[in-house]
Amino acid sequence: MRKPALFLFTLFALYSLLPPGATAEQRFKQEKRQKDVINPVPLPEEPPAAVAASTSHLSFDVSPLTTKGLLSEQVRNALKAIQRQSRGGSIIKLRAFVAGSGDIRRVQAIVSEVFTERRLPLPVLTIIQVGGLPVDGAHVVIESCSVSRKVQNPNGLAFISGQAATSEEIVLDVAPLARKSIGKLAEAVRAAGAERDDVLRATCFLSSLQDINAVRSVAMTQFPRAKWNFVQTLRAQSRSLVECEAIARLRTPVGEPLRFLNPPGLPQSPNYSQVALVGARQVVFSGGRLAFRFQADDVRLAFQRLGRDLAQKGASLKDVAMASVYPLSDAVADLVRKVRFEFYDKDRPPASTMLPFEGLPGLDASLVLEAVAVLPNSR
């Protein structure tokens, strides 16, 4: 059946549903249904897979926590706050950490609606369900990256891997572990040639929020000017953990698009670098790329799709500075370790954070990958 014929048939069917003695209210509701057929509500736009931006103009923010309303209202309020924090800059990347039992898939629809309503370009987006946030009743915290009108980082940026401090003993008070993790972070910052006031944003992933005030005090004492974010990765933990990652402004030029550091005093691993120094004029941020199901080939497919996302903007998986992996279990993390050097340069592994999280925005999803890559020829 042709579309015009189908349209007329649908209208006829709607009219025919009215009983002979329909009331005014019934006719009003019927007319509304007819308008919905003629002018259907458009579906929210999909966020882009990747976006390129000027390294020197990037700024980083964290939305304030609020207990007002449920998930949808809190997401909208967080986006408003981030828009204010950007001071007229263009928001290009969002990472949303969602706590509670709300439908986290709703976050993407709200982001699309808000940016479309304001006639703004959609940012790339990653959504992760976490075990908890520092304030009871808070359902979401959103980290953002925006392109400022003014130069913020004239010498480039350092992306610092998550610095893990763990204990096999399960404890609720993790401030001693936070002190170790943030101490390692400070070593990485110094090795990058930056100082403590150069740290722009830091995120701490915790096994417990029981002593969050003590953890926050440790963090703020070490890096008082950073935008801090704290999330509990899982509701129930098999070990105690604090792992903090950071982004810092560099004080001296890198001299090349991308350089990796593994400073003495920090764990030395052939699988990831501790620090990525970005001197490239432009970087590419990917959105979260889901893997579905739990086999090695499923993880490979996610890496392949992430590579295609980066290629849209002229980058590749060999150009990744910082890789973030959000698996649902240690077993899935092992699959990542098994296949990742089919895609990354084994001689120059990216900085990385990889921890199990509570949930993901997809049925049968097993992990999310995201990356920050350099445009190698943009010096």
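Computed from a predicted model, the values in this text were never measured in an experiment.

Here the focus is the overall build of the protein. When you go through the protein residue by residue, the secondary structure sums to 8 helices and 16 strands. Long-range contacts, defined as pairs at least 24 residues apart, comprise 85% of the intrachain contacts of the protein with a sequence gap of at least 6. When the accessible area of the protein is evaluated, it comes to approximately 17,900 Å², of which 52% is carbon and sulfur surface.

Between helix H5 (residues 175-191) and helix H6 (residues 212-222), the least distance of the axes is 9 Å, while the angle of their chain directions is 20°. One element, H5, and the other, H6, form an angle in the roughly parallel class. Along this stretch, H5 crosses H6, giving a crossing that reads as right-handed. Listed contacts from H6 to Ala175, Ala178, Arg179, Ile182 and Ala186 of H5 are Ala214, Val215, Val218, Ala219 and Gln222. Looking at the contact of H5 with H6, its residues break down into 8 nonpolar, 1 polar and 1 charged.

It is worth spelling out the state of the cysteines at this point. Under the counting rule described, the total for this entry stands at 1 disulfide. Covalently, Cys204 is tied to Cys244 through a disulfide, its sulfur atoms 2.0 Å apart. Judged by the sign of its S-S torsion, about 105°, the bond between Cys204 and Cys244 is right-handed. Of the two residues, Cys204 sits in strand E7 (residues 199-206) while Cys244 sits in strand E9 (residues 240-249), which places them 40 residues apart along the sequence. For the pair Cys204 and Cys244, a shared accessibility class is recorded, and that class is buried.

Now for the pairing of strand E11 (residues 275-278). One face of the sheet, then the other: side chains in a regular strand alternate in exactly this way. Where burial is concerned, the two faces of E11 agree: the one with Val275 and Leu277 and the one with Ala276 and Val278 are both buried. Direction of pairing for strand E6 (residues 157-167) relative to E11: antiparallel, over a ladder of 4 bridges. Bridge pairing in E11 links Ala158 to Leu277. In this structure, strand E10 (residues 258-261) lies alongside E11, joined through 4 bridges in antiparallel fashion. Paired with Arg259 across the two strands is Leu277, which belongs to E11.

The rules behind these values
- Residues numbered from 1 in each chain as written.
- Predicted model: local features only at pLDDT ≥ 70, side-chain atom pairs only at ≥ 80, totals over all residues.
- Heavy atoms only, no water.
- Helix = DSSP H or I, 4+ residues; strand = E, 2+ residues; numbered from the N terminus.
- Contact = heavy atoms within 4.5 Å.
- Areas by Shrake-Rupley, 256 points an atom, 1.4 Å probe, with all protein chains shown as cover.
- Axes fitted to C-alpha atoms, helices over the stretch in contact; angles between N-to-C directions.
- Parallel < 35°, antiparallel > 145°, perpendicular 65-115°, else oblique.
- Left-handed = near helix turned anticlockwise from the far one by under 90°.
- Nonpolar A, V, L, I, M, F, W, Y, C, P; charged D, E, K, R; others polar.
- Disulfide = S-S within 2.5 Å.
- Buried < 20%, exposed > 50% of the residue type's maximum accessible area, 1.4 Å probe, protein only.
- Pairing = 2+ DSSP bridges.

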